[in-house]
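What the coordinates show
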Amino acid sequence: MSKYIPKSILIMAPLLLSSCSATQPLEPIPALLVQPTEDNRIVLEHAIGDLFNSQPIKLANGVFTQQSKVVIERRLAKDNRGNLLDGREIREADSVSLLTEDGQCYIRHDQTGNIKLVHSINCLATQN
């Protein structure tokens, strides 16, 4: 029985090593939209809203066409007359990045590192 142990180790070792390399985390790189359209913008607004656990975030028409990162300022708290509420914390702006890996496009919330796959848009890696 002990003569089978070395053989089984030789058989199992490559399988275990290959499974470890297959579970490496994503290493996406910055990207830009290939063809910006209104539909792409709407898809991105919903994806960013999902990352922020909020309603869709309003974006400019040319978003992610020249830069892979967009800064999104937080809304200031106001009362029902539109006046800023006193004593409210003013937090830093958030930023999101458009990334690509293996032909897929992703949105990353830069402050948390959360990444969301975005279907139905085309993006290409930026030239560094």
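1. A short note on the overall build of the chain
- Secondary structure summary: the chain contains two helices and six strands in total.
- The secondary structure elements of the chain, listed N-terminal to C-terminal, are α-β-α-β-β-β-β-β.
- Counting only residues that meet the buried cut, the chain has 27% of its 128 residues in that class.
- If you take every contact in the chain between residues at least 6 apart in sequence, the share linking residues at least 24 apart comes to 53%.

2. Points about the nonpolar core
- In terms of nonpolar packing, the biggest core is built from 20 residues, with Leu-44, Ile-48, Phe-64, Val-96, Leu-98 and Ile-107 touching the most fellow members.
- Among the secondary structure elements, those contributing two or more residues to this core are β1 (29-33), α2 (38-51), β2 (69-72), β3 (94-101) and β4 (104-109).
- For this core, the element with the highest residue contribution is α2, accounting for four residues.

3. So, the side chain of Thr-100
- Relative to the helices and strands, Thr-100 is located in strand β3.
- On the basis of relative accessibility, which here comes to 10%, the residue Thr-100 falls in the buried class.
- Separated by 2.9 Å, the side chain of Thr-100 and the backbone oxygen of Gln-104 make a polar contact.
- Apart from the residues within four sequence positions on either side, Thr-100 is in contact with Pro-28, Ile-29, Ala-31, Tyr-106, Cys-123, Leu-124 and Ala-125.

How each quantity is defined
Residues numbered from 1 in each chain as written. Predicted model: local features only at pLDDT ≥ 70, side-chain atom pairs only at ≥ 80, totals over all residues. Heavy atoms only, no water. Helix = DSSP H or I, 4+ residues; strand = E, 2+ residues; numbered from the N terminus. Buried < 20%, exposed > 50% of the residue type's maximum accessible area, 1.4 Å probe, protein only. Contact = heavy atoms within 4.5 Å. Core = buried A, V, L, I, M, F, W, Y, C linked by side-chain atoms within 4.5 Å. Polar contact = N/O pair within 3.5 Å; in protein donor to acceptor, adjacent residues only side chain to side chain.

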